[in-house]
Amino acid sequence: MSGGSRKIIGERLRRVVRLLHLVEDSIMVLLVSAMILLAVGQIVLRDVWDAGVAWGDPVLRVSVLWVAMLGAMAATRDNNHITIDIFSRFLSSRLKRIAQLISGGFASGICALVAYEGARFAVMDYQAGTISFSNIPSWCFDSIIPIGFGVMALRFLFVTISPPSQPVRDAA
């Protein structure tokens, strides 16, 4: 493959990744906006007319899980996740890199394990035919767990294998 071909493929891949980030962020913004509207609507309906939407509270509970997972995915994407950075200040650059490999590999492995178990959970719900509310199968809502943790596992792995040239942010 020639250098020009690699450059074109690299640019196309960057565009696809930017589009995926935009989709991820858009879903999160839409979901949070819908949650706010639904919660305010539920409050107004209850306080003013002593009524409410029967499916409102279950949708809000599920939406919290989805927003949390999307937020965690965005945090790992931007390398803005919570880190425990006690010793790295005292390590040489070589030892710091080794510590990053260990912690990144561990985080990736744990996320992959949770993604696997989340997938098993969603499959069990699918096989059991479990219904959450409004005749919607539970596995539809559970699917964010393996998707979210799978994406985070890959992001931790990519950052571990090929760290950014400069940290996205400093831990202060």
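Read on for a plain summary of the structure. These numbers were taken from a predicted model, which means no experiment stands behind them.

Assigned secondary structure in the protein chain consists of five helices and two strands. Taking 172 residues into account, the globule formula puts the C-alpha radius of gyration at 16 Å, and the protein chain, at 21 Å, lies well above it. Principal axes of the C-alpha set define a box for the protein chain whose edges measure 65 × 45 × 30 Å. Out of the 172 residues in the protein chain, the part that is buried amounts to 25%. Of the contacts formed within the protein chain by residues at least 6 apart in sequence, a portion of 72% connects residues at least 24 apart. Split by element, the accessible area of the protein chain, about 11,900 Å² in all, is 69% carbon and sulfur.

Attention now goes to a nonpolar patch on the surface. Side chains of Val32, Ile36, Val40, Val44, Val48 and Trp49 sit close together on the surface and give an oily, nonpolar patch of about 560 Å² of accessible area. Considering the arrangement of structural elements, one finds Val48 in helix α1 (residues 3–49). Residue classification places Val48 among the exposed residues on the basis of a relative accessible area of 54%.

Next up on the list: the packing of aromatic side chains. Counted under the stated rule, the structure contains two aromatic pairs. On the numbers, 5.6 Å between centres and 85° between planes, the contact of Tyr126 with Trp139 is edge-to-face. Taken together, the positions of Tyr126 in helix α3 (residues 93–128) and Trp139 in helix α4 (residues 138–142) put the pair 13 residues apart, joining distant regions of the chain. Between Phe133 and Phe141, the aromatic rings sit 5.1 Å apart at their centres with planes inclined by 15°, giving stacked as the arrangement. The class of Phe141 is buried, set by a relative accessible area of 15%.

Counting residues in hydrophobic clusters, the biggest one holds 16 residues, and the most contacted among them are Leu70, Cys111 and Met152. Elements with a minimum of two residues in this core: α1, α2 (56–77) and α5 (144–161). A per-element tally of this core places α2 first, with six residues. Ignoring anything within four residues of it in the chain, the contact list for Leu70 reads Glu24, Ile27, Met28 and Leu31.

Before going further, it helps to spend a moment on the pattern of salt bridges. One pass over the structure, following the stated rule, counts eight salt bridges. One salt bridge connects Arg77 with Asp25, and the closest N-O pair in it is separated by 2.9 Å. Of the two residues, Arg77 is situated in helix α2 and Asp25 in helix α1; the sequence distance between them amounts to 52 residues. What makes Arg77 buried here is its relative accessible area of 17%.

Quick notes on the rules
- Residues numbered from 1 in each chain as written.
- Predicted model: local features only at pLDDT ≥ 70, side-chain atom pairs only at ≥ 80, totals over all residues.
- Heavy atoms only, no water.
- Helix = DSSP H or I, 4+ residues; strand = E, 2+ residues; numbered from the N terminus.
- Rg over C-alpha atoms; globule rule 2.2 N^0.38 Å.
- Buried < 20%, exposed > 50% of the residue type's maximum accessible area, 1.4 Å probe, protein only.
- Contact = heavy atoms within 4.5 Å.
- Areas by Shrake-Rupley, 256 points an atom, 1.4 Å probe, with all protein chains shown as cover.
- Patch = residues over 30% accessible without salt bridge, like charges linked within 9 Å, V, L, I, M, F, W, Y side chains within 5 Å.
- Salt bridge = Lys/Arg side-chain N within 4 Å of Asp/Glu carboxyl O.
- Phe/Tyr/Trp six-rings, centres within 6.5 Å; stacked < 30°, edge-to-face > 60°.
- Core = buried A, V, L, I, M, F, W, Y, C linked by side-chain atoms within 4.5 Å.

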